[in-house]
Amino acid sequence: MNKEIILLHGLNNCVNCFYPLGTELEKHGFKVHYFTLKGHDKVATDLCVASCLDHLKQQFDTLPEDREYILIGFSFGGLSSLMLPAEIKQKISKQILLAPALFLNWERSLRILLNCLKFKIHFPSFTPEKLRQFHHLPLGYYRSLISHLDQFRQIPGKELNDKPTLIILDLHDELVNSSKIQKMIHNYKLKNWNVLELNRVKLGSPWQATNHALFHPDYMDSADWNSMIEIMVGYINQSPPKE
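What counts as what
- Residues numbered from 1 in each chain as written.
- Predicted model: local features only at pLDDT ≥ 70, side-chain atom pairs only at ≥ 80, totals over all residues.
- Heavy atoms only, no water.
- Buried < 20%, exposed > 50% of the residue type's maximum accessible area, 1.4 Å probe, protein only.
- Helix = DSSP H or I, 4+ residues; strand = E, 2+ residues; numbered from the N terminus.
- Pairing = 2+ DSSP bridges.
- Axes fitted to C-alpha atoms, helices over the stretch in contact; angles between N-to-C directions.
- Contact = heavy atoms within 4.5 Å.

Draft legend 1. Region of interest: the pairing of strand β1 (residues 3-8). Among the six residues in β1, five count as buried, and that is most of the element. In this sheet, strand β3 (residues 68-74) lies alongside β1 in parallel orientation, the contact comprising six bridges. If you follow I5 over to β3, its bridge partner there is I70. In this sheet, strand β2 (residues 31-35) lies alongside β1 in parallel orientation, the contact comprising five bridges. Note on β2: the bridge partner recorded for L8 is F35.

So, in structure tokens, the structure goes:
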């Protein structure tokens, strides 16, 4: 069965900033599909969890069912990939989650802010400028992130998919709390999940989330980038564990 890659970006990323990663994977013989989160081609008004997941399902419906897919999700895209509707017919044999937004370092502060601001305003983006879709995001996008987090955490551990999963984290990630992700994997006994932690130098201001941007070569030195691509390709090609 042919293996094909699905790339799913994060909150407020432009799709074309994933082309360098996609190009590297294509060099290794994989066909790459670029999926989009709802509201990232134009500003969306309906960002409820069901609407966002249905948007992803519609993109899956365009793919053949006789292929084997590897889903690579970054940040919010990684979170969304763990919440995909059961009705999806395509076979996702493995997933690679790059800095998945399962637990946030600043989550408590964000929740307080959203509770205080009831009116509609646009908020500056933490995404590095060349990787962002919009310079300012409506607060509704952040509310959608929190709603996804709340719904994800209601999924019982035994119902969380235990397909082979590689999570790649940066110990200096400005946004994602790696220790809480590790604790969740341990508590849920996700035996097919593996974590790779990168101990890179701090790259810039915490307000720019540069260490978080694990998917782009401009935010990694060439040795780290090449090593990560090699690890990802090796994981994709690795035979599944025997039962």
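Draft legend 2. Structural view of the sheet that holds strand β7 (residues 165-170). Strand order in the open sheet made by the six strands is β2-β1-β3-β4-β7-β8, with parallel pairing throughout. Every other strand in the sheet has two partners, leaving β2 and β8 (193-198) as the edge strands with one partner each. The average angle at which neighbouring strand axes cross in this sheet is 20°, direction not considered. Pairing analysis gives seven bridges linking β3 to strand β4 (residues 91-98), with the strands arranged parallel. The residue bridging L71 from the neighbouring strand is Q95, located in β4. Against the sheet, helix α2 (residues 49-60) makes contact with β1, β2 and β4, and its axis sits at roughly 150° relative to β2, the strand it touches most. Sheet strands touched by helix α7 (residues 222-237): β1, β3, β4, β7 and β8. Its angle to β4, the strand with the most contacts, is close to 160°.

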